[in-house]
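Here is how the chains run, residue by residue.
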Amino acid sequence: TVRLMSEGPHTVYLPGHDAAGNWGPMASVVLNVDKTAPVVTGNLTLASSPTNGAPTVTVSGPAGMIASDPSGFAAVELYVGTDPGVGRGTPVTVNADGSFSTVLDVRRVPEGATQVVLRVRDKAGNQTTR
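Since this is a predicted model, take the numbers as computed values, not measurements.

Undergrad: Would you mind going over the overall build of the chain with me for this structure?
TA: Per the secondary structure count, the chain includes zero helices and nine strands. Overall, the chain shows an N-to-C arrangement of helices and strands of β-β-β-β-β-β-β-β-β. For the chain, whose C-alpha radius of gyration is 21 Å, the value lies well above the compact-globule estimate of 14 Å for 130 residues. Once the C-alpha set of the chain is aligned to its principal axes, its extents read approximately 75 × 30 × 25 Å. Looking at the chain as a whole, 24% of its 130 residues are labelled buried. Of the contacts formed within the chain by residues at least 6 apart in sequence, a portion of 60% connects residues at least 24 apart. A total accessible area of about 8,500 Å² is found for the chain, and carbon and sulfur atoms account for 52% of it. Of the charged side chains in the chain, 9 are positive and 10 negative, and the gap between their average positions amounts to 6 Å.

Below is the structure:
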């Protein structure tokens, strides 16, 4: 049971045999267990306030905001207000230094203060929001 395993690499050995019952050599594979959510630090920056009916706003994060993850990133996305569901936000491309800049559509955002959320999900399925 993977849930009961500690984080990190585990070597799994697999024997095999053919239809006649002859056993072959033992094979192994390394299983890397990752239970830790990605690390996100720092604050988002809005390049400008979407005033006078502007349809978009540029959102950015500083270098190091999105740290590397042992499993690698499956998805990084932004959303405004109500969570649209995993994978349904605005996709974000992260630079090698952990920074990013992307344009966010705000045409359907109600007037007034609202929250912009960054969601980061790793390939192991762990996620964090900020």
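Undergrad: Quick question: what am I supposed to make of the pairing of strand E7 (residues 100–105) here?
TA: Within a regular strand, side chains alternate between the sheet's two faces. Residues Phe100, Thr102 and Leu104 point to one face of E7 and are all buried, whereas Ser101, Val103 and Asp105, pointing to the other face, are not buried. Bridge analysis of strand E4 (residues 56–61) against E7 gives six bridges, and the strand direction is antiparallel. Following the sheet pairing, Val59 is matched in E7 by Thr102.

Undergrad: Looking at this model, I keep getting lost on the sheet that holds strand E5 (residues 73–80). Mind explaining?
TA: Pairing between the strands of a sheet comes from backbone hydrogen bonds, and it takes one of two forms, parallel or antiparallel. Overall, antiparallel pairing links the four strands, which are arranged E6-E5-E8-E9 in an open sheet. Of all strands in the sheet, those with a lone pairing partner are strand E6 (90–91) and strand E9 (127–129), marking the two edges. Two strands pair when backbone bridges link them, and E5 and E6 are joined in this way by two bridges, in the antiparallel orientation. By the bridge assignment, Glu77 is partnered in E6 with Pro91.

Undergrad: What is the right way to read the environment of Gly8 from this model?
TA: With respect to the element layout, Gly8 can be found in strand E1 (residues 8–14). On a C-alpha basis, the gap between Gly8 and Val33 in space is 5.1 Å, while along the polypeptide they are 25 residues apart.

Undergrad: Whenever I open this one, the sheet that holds E4 confuses me. Can you help?
TA: With antiparallel pairing, the three strands of this open sheet are ordered in space as E3-E4-E7. Among the strands making up the open sheet, the edge pair consists of strand E3 (45–46) and E7.

Undergrad: Which parts of the structure should I look at to understand the pattern of salt bridges?
TA: Pairs can form between side chains of opposite charge once their charged atoms are near each other. For the structure shown, the criterion picks out three salt bridges. Between Asp83 and Arg119 there is a salt bridge whose closest N-O contact spans 2.7 Å. Here Arg119 lies in strand E8 (residues 116–122) and Asp83 lies in the loop between E5 and E6, a separation of 36 residues in the sequence. On the basis of relative accessible area, Asp83 is assigned to the partly exposed category, the value being 39%. Among the ionic pairs, Arg107 bridges to Asp105, the shortest N-O distance being 2.5 Å. Given a relative accessible area of 62%, Arg107 falls into the exposed group. Residue classification places Asp105 among the partly exposed positions, given a relative accessible area of 38%. Each of the salt bridges in this network shares a partner with another, and the network as a whole consists of Glu77, Asp83 and Arg119.

Definitions and cut-offs
- Residues numbered from 1 in each chain as written.
- Predicted model: local features only at pLDDT ≥ 70, side-chain atom pairs only at ≥ 80, totals over all residues.
- Heavy atoms only, no water.
- Helix = DSSP H or I, 4+ residues; strand = E, 2+ residues; numbered from the N terminus.
- Rg over C-alpha atoms; globule rule 2.2 N^0.38 Å.
- Buried < 20%, exposed > 50% of the residue type's maximum accessible area, 1.4 Å probe, protein only.
- Contact = heavy atoms within 4.5 Å.
- Areas by Shrake-Rupley, 256 points an atom, 1.4 Å probe, with all protein chains shown as cover.
- Lys, Arg positive; Asp, Glu negative; His and termini not counted.
- Charge placed at Lys NZ, Arg CZ, Asp CG, Glu CD.
- Pairing = 2+ DSSP bridges.
- Salt bridge = Lys/Arg side-chain N within 4 Å of Asp/Glu carboxyl O.

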